[in-house]
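# Geometric and topological summary
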Amino acid sequence: MSYPKRTAALASVAALAGSVVLMTAPAANAEVVNVNYRCETPIGVKTAVSPIDIEGVEDGGGYKITMSWQKGVSSSPVDLGKGAMNPSATIKLGGADSGTLNVTGPANQATVPANTPIKINDLSGTYTPKKTGKVTFTAGVLTIKALGTTTTCTPTNSPGPSLSLDVTAAGGAGSGSGSGSGSGSDGTQNNSGAGDELPQTGPEDSAIALGTLGGTVLLVGAAGALWLTRRNQAARVRH
């Protein structure tokens, strides 16, 4: 292989290495999960199954988390007029973080007929990462307040996470301990954890390390290409 071709090949390999190492696993993974609810209502116990979807969108230093119900849950023996029902829920945090995230939403925008499944509007809250790593979000307790009564719906089938996010704590901290809370315009986040937790790492840390390696490979490749070019020029001068 001629020197010019060898130089071009080395530069291409170095550039490819630098770009490939930065391509890591997706930062988010969402999945619709069926949740079996047992609802304690003023007129007795009711059950319902609803597919739950949880989505996360990065927003400033945190994430806007939105929880959606694809089917109605519970019911009312009387019509619920517009604005009569106010839902809220909790989302369990797992993986690199722990605690719960409270999500809220608007009251019903249309009348809910009697004895029909109550459709829950999307509920949202703001999650602020306290630790770095993969955090999971799982449907928790749903609370429905209407006409001076409270209905509490609890998952009974130990549902799996509807969402997982690779997050970085504020300031790039890799671990955290103790307890704290963060609040947003739509919800409140409650965190608690043991003080002797080991530092946690995740895909973000791997991306940084591999990115540094890719940059090193790129610099070494460029230096090698420059050395070969100069050597070729010196050889031509001697001849």
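Just so it is clear, the structure is predicted and the values come from calculations on it, not from any experiment. Throughout, residues of each chain are indexed from 1 in the direction in which the sequence is written. Side-chain atom pairs in this predicted model are given and counted only at pLDDT of 80 or more, local residue features only at pLDDT of at least 70, and totals for whole chains, interfaces and linings cover all residues. Computation of side-chain values: all heavy atoms of the structure, hydrogens and water removed.

## Looking at the nonpolar core
Filter applied, for reference: What is meant by a nonpolar core is a set of buried Ala, Val, Leu, Ile, Met, Phe, Trp, Tyr and Cys residues, joined one to another through side-chain atoms within 4.5 Å. The cut-offs for exposure are 20% and 50% of the maximum accessible area for each residue type, with area from a 1.4 Å probe on protein chains only; residues under the lower value are buried, those over the upper are exposed, and the others partly exposed. Numbering of helices and strands runs from the N terminus, with a helix taken as a DSSP run of H or I at least four residues long and a strand as a DSSP run of E at least two residues long.
Counting 35 residues, the largest nonpolar core has Tyr37, Ile65, Met67, Trp69 and Phe137 as the members making the most contacts within it. Here this core gets six residues from one element, more than from any other, and that element is strand β8 (residues 133-146).

## Concerning the environment of Gly81
Stated precisely, the cut-off is as follows: It only takes one pair of heavy atoms within 4.5 Å for two residues to be counted as in contact.
Within the fold, Gly81 resides in the loop between β4 (62-69) and β5 (85-95). Looking at Gly81, the relative accessible area reads 29%, which means it is partly exposed. For the pair Gly81 and Pro113, spaced 32 residues apart in the sequence, the C-alpha separation amounts to 8.4 Å. Beyond its immediate stretch of four places on either side in the chain, Gly81 contacts Asn108 and Thr111.

## Some details on the confidence of the model for the protein chain
Here is the rule: Every residue is assigned a pLDDT by the predictor, reflecting its confidence on a scale from 0 to 100.
When pLDDT is averaged across the protein chain, the result is 74; 60% of the residues are at 70 or more. Predicted confidence is poor over residues 173-186, with pLDDT under 50, and the contacts of this stretch with residues over four places away or in other chains come to 34 contacts. The low-confidence segment residues 234-239 (pLDDT under 50) makes zero contacts with residues lying over four places distant or belonging to another chain.

## A few points about the packing of aromatic side chains
As a reminder of what qualifies: Only Phe, Tyr and Trp rings are paired, with Trp represented by its six-membered ring, and only when their centres lie within 6.5 Å; those with planes under 30 degrees apart are stacked, over 60 edge-to-face, the remainder tilted.
In total, this model carries one aromatic pair according to the counting rule given. Both rings, one in Tyr127 and one in Phe137, keep their centres 5.2 Å apart while their planes meet at 90°; by these two values the pair is edge-to-face. You can see Tyr127 sitting in strand β7 (residues 123-127) and its partner Phe137 sitting in strand β8, a full 10 residues away along the chain. You can call Tyr127 buried: its relative accessible area is 0%.

## So, the pattern of salt bridges
Our working definition: Here, a salt bridge means any Lys or Arg side-chain nitrogen found within 4 Å of an Asp or Glu carboxyl oxygen.
Under the counting rule described, the total for this entry stands at two salt bridges. Between Arg38 and Glu40 there is a salt bridge, and its shortest N-O distance comes to 2.3 Å. Owing to a relative accessible area of 38%, Arg38 belongs among the partly exposed residues under this scheme. Of the residues examined, Glu40 reaches a relative accessible area of 38% and is grouped as partly exposed. With a closest N to O distance of 3.0 Å, Asp166 and Lys134 form a salt bridge. With Asp166 in strand β10 (residues 163-167) and Lys134 in strand β8, this pair connects stretches of sequence that are 32 residues apart. Look at Asp166 and you get buried, because its relative accessible area is 4%. Lys134 gets classed as partly exposed once you look at its relative accessible area, which sits at 38%.

## Quick word on the state of the cysteines
Note: disulfide means a covalent bond formed between the sulfur atoms of two cysteine side chains. Quick reminder of the rule: Put simply, a disulfide is two cysteine sulfurs that come within 2.5 Å.
Tallied over the full model, the rule gives one disulfide. Put simply, Cys39 and Cys153 are joined by a disulfide, and their sulfur atoms are 2.1 Å apart. Here Cys39 and Cys153 share a disulfide; its torsion about the S-S bond, 115°, makes the bridge right-handed. Here Cys39, found in strand β2 (residues 33-41), pairs with Cys153, found in strand β9 (residues 149-155); they are 114 residues apart in sequence, far enough to count as distant. Of the two residues examined, Cys39 and Cys153, each falls in the buried class.

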